[in-house]
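# What the coordinates show
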Amino acid sequence: MERIHLASPHMSTEGYEKQYVQQAFETNWIAPLGENVDSFENELAEMVGTSHATALSSGTAAIHLALKAVGVGKGDIVFAQTLTFSATVNPIFYQHATPVFIDSEIGSWNMDPNKLREAFKLYKPKAVIAVHLYGLSAKIDEIKAICEENNVPLIEDAAESLGTIYKGQWTGTYGDYGIFSFNGNKIITTSGGGMLVSQNKDGINKARFWATQARENALHYQHEDIGYNYRLSNVLAGIGRGQLKVLEDRVEKKRRIFEKYVEAFKDIEEISFIKETSEERANYWLSAILIDSDTITPNVIFEALNAENIESRPIWKPMHMQPVFNKYDVIGGDVSASYFKKGLCLPSDTKMTLHEQDRVISIIKSFWN
Ligand SMILES: *Cc1c(COP(=O)(O)O)cnc(C)c1O
């Protein structure tokens, strides 16, 4: 049996990506930057509804530069969602700052606005990083309002939520800065890459400058600041331009995958889902279930699927439970811990056939027969 993946790269059947990459070859714009990079930035910015964007080597690099852009430095505190991938949090340490973790709300994977309010009574942070996990939107308008009340910038980690629209506005565009990832298993991919977006032109220009080794505008190589090599190559940006053309198709397919799981498990009381609210259109990057059972654990199901060459994955282990981060404060923590204990991400590969998804479903269902 062919392996069924959690989420794997899915190039367009039309071959858009190849055309843009081909153009890069023909113009010998293999070296960094060039037309594909500029166009990828402009096309993505227009699609999500923001004014400025800079293409970077990863989503992690984008978070790092967002933290720098809002002035996070040594000894500062940054509030960060605890239920996330470590890439949300690692850049806080690149800047020699300290995280305070914020628990998720019940009913969404994401930052609990009430816990955020609590945290503001205890600390004065330099920035807040909220995440839209698995493509479901956080209560980002409420989070933004709390940040504004406290005069603290908001960074939106939308690495998993490109295509998710909350109250008519794309996730990633609510914060002072938003970031997207084009890593291999994200909803669209450049094999590796990221994007930093903002309405703040100076901020994006500054980030682009840092990402290009902080080269001053001088004929000789003049440096007055520490820089990074964080730009996306023109070849990979070509893949990204092609992938943008099929983003909407990918979102549609992810949503159908999710709906099929919901329908399949509707009579199993012990399986539940975290679903989009009426105020959003989620991209459902990964379909995740919560299992309320003492005997049938996520791990048991993981093993059964694995034995059939089917990939699944536990929910992200909360950052406050990670050995490398567990000495830092957490506001709450039980909600994300329980999601971690009960949750499992199911195959959500947009190349998965209906028949393949039926196989996944029947293996899971067999536990309740
Ligand atoms: C993938 C991901 C990132 C990092 O993106 P990279 O492009 O892999 O560096 C950051 N945050 C979250 C929540 C992610 O899932």
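Just so we're clear, the structure is a prediction, and the values are computed from it rather than from any experiment.

## Observations concerning the domain arrangement of the chain
For the chain, the assigned domains are domain 1 (16-244) and domain 2 (247-368). Taken over C-alpha atoms, the centre of domain 1 sits 25 Å from the centre of domain 2. The interface is formed by 46 residues belonging to domain 1 together with 37 residues belonging to domain 2. Carbon and sulfur atoms make up 65% of the area that domain 1 and domain 2 hide from each other, which totals about 3600 Å². Looking at the side of domain 1 facing domain 2, the largest losses of area belong to Trp109, Tyr134 and Ile187, adding up to 21% of the total buried there. Where domain 1 packs against domain 2, one counts one salt bridge. One salt bridge connects Lys167 with Glu279, and the closest N-O pair in it is separated by 3.7 Å. Here domain 1 is connected to domain 2 by 25 residue pairs in polar contact (both at pLDDT 80 or more). Looking at the side of domain 1 that touches domain 2, the elements that each hand over two or more residues are α4 (90-94), β3 (98-102), α5 (113-122), β6 (165-166) and α8 (234-244). The residue inventory of the side of domain 1 that touches domain 2, partitioned by class, reads 24 nonpolar, 15 polar and seven charged.

## Comments concerning the site of the ligand
Around the ligand, a shell composed of 15 residues is seen, among which Thr60, Asp157, Glu160, Ser181 and Lys186 lie nearest. Residue Asp157 places a side-chain N or O atom 2.7 Å away from a nitrogen atom belonging to the ligand. One of the side-chain N or O atoms of Ser181 is found 2.7 Å from an oxygen atom in the ligand. Against a free-state accessible area of 380 Å², the protein chains account for coverage of 93% of the ligand. Across the shell around the ligand, the residue classes break down as four nonpolar, eight polar and three charged.

## With respect to the pattern of salt bridges
Under the definition given, this model contains 15 salt bridges. Put simply, Lys139 and Glu105 hold a salt bridge, and the shortest N to O gap is 2.6 Å. Of the two residues, Lys139 sits in the loop between β4 (127-131) and α6 (140-149) while Glu105 sits in the loop between β3 and α5, which places them 34 residues apart along the sequence. Judged by its relative accessible area of 34%, Lys139 is partly exposed. Here Glu105 falls in the buried class, since its relative accessible area comes to 7%. What you see here is one network of salt bridges that share partners, running through Glu41, Arg208 and Arg231.

## Digging into helix α11 (residues 334-342)
Residues three or four positions apart in an α-helix share a direction because the helix packs 3.6 residues into each turn. Residues Val335, Ser336 and Tyr339 constitute the buried set of α11. End-on view of α11: buried residues confined to an arc of 95°, all on one side of the axis. Those residues of α11 that are exposed and aimed more than 90 degrees away from the buried face are Asp334 and Lys341. Those residues of α11 that are buried lie in contact with β12 (287-291) and β15 (343-346).

## Thoughts on the packing of helix α2 (residues 35-48) against α8
Contact geometry of α2 with α8 gives a least axis separation of 8 Å together with a crossing angle of 30°. Handedness of the crossing formed by α2 with α8: left-handed. Residues Glu35, Asn36, Val37, Ser39, Phe40, Glu43, Leu44 and Met47 of α2 form the contact with α8, whose own contacting residues are Asn234, Ala237, Gly238, Gly240, Arg241 and Leu244. Across the contact of α2 with α8, the residue classes tally to six nonpolar, five polar and three charged.

## Quick word on the environment of Phe265
Along the chain, Phe265 falls in the loop between α9 (247-264) and β10 (271-273). Phe265 gets classed as buried once you look at its relative accessible area, which sits at 1%. For the pair formed by Phe265 and Ile289, sequence separation is 24 residues and the distance between their alpha carbons is 9.7 Å. Residues in contact with Phe265, not counting those within four places in the same chain, are Ile271, Phe273, Ile289, Leu346, Ile361, Ile364 and Lys365.

## Considerations on the UniProt feature "modified residue: N6-(pyridoxal phosphate)lysine" (unreviewed entry) in the chain
Under the local residue numbering, the UniProt record ascribes the feature "modified residue: N6-(pyridoxal phosphate)lysine" (unreviewed entry) to Lys186. Take Lys186: it is sitting in the loop between β8 (177-181) and β9 (194-198). With relative accessibility at 11%, the residue Lys186 sits in the buried group.

## Notes on the sheet that holds β6
Taken together, three strands build an open sheet; the order of strands is β7-β6-β11 and the sheet is antiparallel. For this open sheet the edge positions go to β7 (169-170) and β11 (280-281), each flanked by a neighbour on one side alone. Bridge count for β6 against β11 is two bridges, and the pairing is antiparallel. Looking across to β11, one finds that Tyr166 is bridged to Glu280.

## Describing the packing of α9 against helix α12 (residues 354-365)
How two helices sit against one another is set out by the angle between their axes and by the gap between those axes. The contact between α9 and α12 brings their axes to 11 Å, and the two run at 35°. Seen along the crossing, α9 lies across α12 with a hand that is right-handed. Listed contacts from α12 to Ile257, Lys260, Tyr261 and Ala264 of α9 are Leu354, Gln357, Asp358, Val360, Ile361 and Lys365. A breakdown of the residues in the contact of α9 with α12 according to their chemical character gives six nonpolar, one polar and three charged.

Cut-offs used in this document
- Residues numbered from 1 in each chain as written.
- Predicted model: local features only at pLDDT ≥ 70, side-chain atom pairs only at ≥ 80, totals over all residues.
- Heavy atoms only, no water.
- Domains from an automatic or database assignment.
- Contact = heavy atoms within 4.5 Å.
- Buried area = accessible area lost by both parts, 1.4 Å probe.
- Salt bridge = Lys/Arg side-chain N within 4 Å of Asp/Glu carboxyl O.
- Polar contact = N/O pair within 3.5 Å; in protein donor to acceptor, adjacent residues only side chain to side chain.
- Helix = DSSP H or I, 4+ residues; strand = E, 2+ residues; numbered from the N terminus.
- Nonpolar A, V, L, I, M, F, W, Y, C, P; charged D, E, K, R; others polar.
- Near = heavy atom within 4 Å.
- Areas by Shrake-Rupley, 256 points an atom, 1.4 Å probe, with all protein chains shown as cover.
- Buried < 20%, exposed > 50% of the residue type's maximum accessible area, 1.4 Å probe, protein only.
- Arc of directions from axis to C-beta.
- Axes fitted to C-alpha atoms, helices over the stretch in contact; angles between N-to-C directions.
- Left-handed = near helix turned anticlockwise from the far one by under 90°.
- UniProt positions renumbered as here; feature names shortened; annotations may be inferred.
- Pairing = 2+ DSSP bridges.

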